[in-house]
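Reading the structure
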Amino acid sequence: MSLSDFVIRRPDDWHLHLRDGEMLKAVLPHTSADFARAIIMPNLVPPVVTCSDAEAYRARILEAKPECDVFEPLMTLYLTEGTDPADVELGVKSGLIKALKLYPAGATTNSDSGVKTIENIYPVLEKMSELDVPLLVHGEVTDADIDIFDREAVFIDRVLDPIRQRFPKLRVVMEHITTSNGVEYVKSAGDKTAATITTHHLIINRNAYLVGGIKPHYYCLPVAKRESHRLALREAATSGNGKFFLGTDSAPHPDTAKESACGCAGIYTSINTLSCLAHVFEQDNALDQFEAFASLNGPAFYGLTPNEQTIRFYKTDAPLDLPAKFAVQKEQVSVFDPGFALFWRHEAINA
Ligand SMILES: NC(=O)N[C@@H](CC(=O)O)C(=O)O
Ligand SMILES: [Zn+2]
Ligand SMILES: [Zn+2]
């Protein structure tokens, strides 16, 4: 399909890092301008572990939101071995908590309080299964003897599959999948299992951060893999299959923290995600599946209705002039550079 103009329901972001304080104030308007809702990742320092943490964080998010934007933060809890099933029950039943996030200890940014022994959270998983609240997983093992490029595939065998066998009714989202193994597993796993895919993993492979010098702004976790995996993600995202939906994993870090001898993981895409995605779907002749990926499949999995508002995309002759960086107090945050010019703009129709 080749178009210069099309309309979709307003999208949601099913995996987003907003951080806190000044960073929250700087990044939230980028998301609330384009997305109606977002699943808010709980990996603050210290993490969002209890309902009262989540309630306070939600209030700070709403405080930072531009008044004119309609945006609903969907709160999550960070699972630890001390998570209390009774607190989870209260949070889910009150409507505050929409999902719980499993970080294997040490797997990614701010995951030190994550889970070391998965069996220790089985009572919480049992409760979540009963409440029908989704488990979101950062799907990588952290064992030192497992090569970083294999960590997602090994996680499926060692952690995810055993959880699914033990809790067959538990809803599970494999977050930010990066491999054909992830795609195949999710496809084969029954309707309780889904996956988010980021914008950047549809665009870059591992050459982006390794060829021609080390490129810290393309470093994220899970790391982008070889080209065949990127193509598998493209196929999944553009197929219309309801198990795959957008989670940008937009993850801001100050440039000083990324451009370092030990640079941290995370790519910031909130500003240009929709333009990048329209480019990707057009390239794959799949603009007719864009709405499913960005606006329909996520709400369906979470049991929510899709947004009523719509947005119109239109292609312009001149490339978009988006900022390469933005300031947060004295720091700069670099925006994801897709490596090609962007021509797709969008505007709200009935926001
Ligand atoms: N994706 C990343 O590379 N980083 C995320 C954490 C995460 O989602 O794993 C972050 O919080 O910076
Ligand atoms: Zn993660
Ligand atoms: Zn993330």
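An unreviewed UniProt entry annotates the protein chain as Dihydroorotase originating from Cohaesibacter celericrescens. What the UniProt record of the protein chain gives under Function (unreviewed entry) is the line "Catalyzes the reversible cyclization of carbamoyl aspartate to dihydroorotate." Recorded under Pathway (unreviewed entry), the UniProt text for the protein chain is reproduced unchanged: "Pyrimidine metabolism; UMP biosynthesis via de novo pathway; (S)-dihydroorotate from bicarbonate: step 3/3."

1. So, the overall build of the protein chain
When helices and strands are counted, the protein chain shows 11 helices and 13 strands. A compact globule built from 351 residues should have a C-alpha radius of gyration of about 20 Å, and the protein chain, at 19 Å, falls within 12% of that. Its C-alpha atoms put the protein chain at 55 × 45 × 45 Å along the principal axes. For the protein chain, buried positions account for 58% of its 351 residues. Long-range pairs, those at least 24 residues apart, make up 75% of the contacts in the protein chain with a sequence separation of at least 6. Put simply, the protein chain shows about 14100 Å² of open surface, and 50% of that area lies on carbon and sulfur atoms. Between the centroid of the 34 positive side chains of the protein chain and the centroid of its 47 negative side chains there is a distance of 1 Å.

2. Remarks on the UniProt feature "domain: Amidohydrolase-related" (unreviewed entry) in the protein chain
Here the UniProt-annotated "domain: Amidohydrolase-related" (unreviewed entry) positions come out as residues 13-305. Helix makes up 40% of residues 13-305 and strand 12%, with an end-to-end C-alpha separation of 14 Å.

3. Description of the UniProt feature "modified residue: N6-carboxylysine" (unreviewed entry) in the protein chain
UniProt annotation of "modified residue: N6-carboxylysine" (unreviewed entry) refers to Lys101 when read in the numbering used here. With respect to the helices, strands and loops of the structure, Lys101 is situated in strand β5 (residues 97-102). Apart from residues no more than four positions distant in its own chain, Lys101 is found in contact with His15, Met41, Pro42, Leu77, Tyr78, Leu79, Leu136, Val137, His138 and Glu175.

4. Things to note about the coordination of the zinc ion (ligand 2)
In the first shell of the zinc ion (ligand 2), the protein supplies His138 (ND1) and His176 (NE2), at 2.0 to 2.1 Å from the metal. Around the zinc ion (ligand 2) sit 4 donor atoms, and with donor-metal-donor angles ranging over 54 to 149° the site reads as irregular. Between the zinc ion (ligand 2) and the zinc ion (ligand 3) the interatomic distance amounts to 3.8 Å. With His138 in the loop between β6 (135-137) and α5 (151-166) and His176 in the loop between β7 (172-174) and α6 (180-188), the pair connects residues that are 38 residues apart, well separated along the chain.

5. Comments concerning helix α2 (residues 51-64)
Under the 1.5 Å per step criterion, the end-to-end length of α2 is 20 Å for 14 residues, consistent within 8% with the ideal 20 Å. Within α2 the residues assigned to the buried category are Cys51, Ala54, Tyr57, Ile61 and Ala64. Buried residues in α2, looked at end-on, bunch into an arc of 140°, giving them a common side. Facing away from the buried side of α2 by more than 90 degrees, the exposed set consists of Ser52, Glu55 and Glu63. Of the surrounding secondary structure, the elements contacted by the buried residues of α2 are α1 (21-34), β3 (37-40), β4 (72-78), α3 (85-93) and β5.

6. Thoughts on the coordination of the zinc ion (ligand 3)
Summarising the metal site, the zinc ion (ligand 3) is bound by the protein donors His15 (NE2), His17 (NE2) and Asp249 (OD), whose distances to it range over 2.0 Å. Geometry at the zinc ion (ligand 3) is tetrahedral, judged from its 4 donor atoms and the angles of 93 to 134° they form at the metal. In primary sequence terms, the donor set of the zinc ion (ligand 3) follows H-x1-H-x231-D. Here His15 falls in the buried class, since its relative accessible area comes to 0%.

7. Side note on the packing of α1 against α2
Direction vectors running N to C along α1 and α2 enclose 60°, while the axes themselves pass 9 Å from each other. When the axis of α1 is compared with that of α2, the two are oblique. For the pair α1 and α2, the sense of crossing is right-handed. Facing Leu24, Lys25 and Leu28 of α1, the residues of α2 in contact are Arg60, Ile61 and Ala64. The residue inventory of the contact of α1 with α2, partitioned by class, reads 4 nonpolar, no polar and 2 charged.

8. A look at the site of ligand 1
Around ligand 1 there are 15 residues in total, and Arg19, Asn43, Thr108, Leu221 and Asp249 lie nearest to it. Side-chain polar atom of His17 to an oxygen atom of ligand 1: 3.1 Å apart, as the coordinates give it. Contacts to ligand 1 include Asn43, whose side-chain N or O atom sits 2.8 Å from an oxygen atom. About the coverage of ligand 1: the protein hides 100% of its 310 Å² of free accessible area. Here the residues of the shell around ligand 1 are counted per class, giving 4 nonpolar, 9 polar and 2 charged.

9. Things to note about the side chain of His15
Checked against the element boundaries, His15 lands in strand β2 (residues 13-16). Here His17 takes part through its side chain, which lies 3.3 Å from a polar atom of the side chain of His15. Of note is the side chain of His15, whose polar atom sits 2.7 Å from the side chain of Glu175. Filtering out sequence-adjacent residues up to four positions away, His15 remains in contact with Ile39, Met41, Lys101, Glu175, His176, Thr196, Gly247, Thr248, Asp249 and Ser250.

Conventions adopted
Residues numbered from 1 in each chain as written. Chains lettered and ligands numbered in written order. Predicted model: local features only at pLDDT ≥ 70, side-chain atom pairs only at ≥ 80, totals over all residues. Heavy atoms only, no water. UniProt positions renumbered as here; feature names shortened; annotations may be inferred. Helix = DSSP H or I, 4+ residues; strand = E, 2+ residues; numbered from the N terminus. Rg over C-alpha atoms; globule rule 2.2 N^0.38 Å. Buried < 20%, exposed > 50% of the residue type's maximum accessible area, 1.4 Å probe, protein only. Contact = heavy atoms within 4.5 Å. Areas by Shrake-Rupley, 256 points an atom, 1.4 Å probe, with all protein chains shown as cover. Lys, Arg positive; Asp, Glu negative; His and termini not counted. Charge placed at Lys NZ, Arg CZ, Asp CG, Glu CD. Donors = N, O, S within 2.8 Å, 3.2 Å for Na, K, Ca; no water. Tetrahedral: all angles 85-135°; square planar, octahedral: opposite > 155°, others 65-115°. Expected span 1.5 Å × (residues − 1). Arc of directions from axis to C-beta. Axes fitted to C-alpha atoms, helices over the stretch in contact; angles between N-to-C directions. Parallel < 35°, antiparallel > 145°, perpendicular 65-115°, else oblique. Left-handed = near helix turned anticlockwise from the far one by under 90°. Nonpolar A, V, L, I, M, F, W, Y, C, P; charged D, E, K, R; others polar. Near = heavy atom within 4 Å. Polar contact = N/O pair within 3.5 Å; in protein donor to acceptor, adjacent residues only side chain to side chain.

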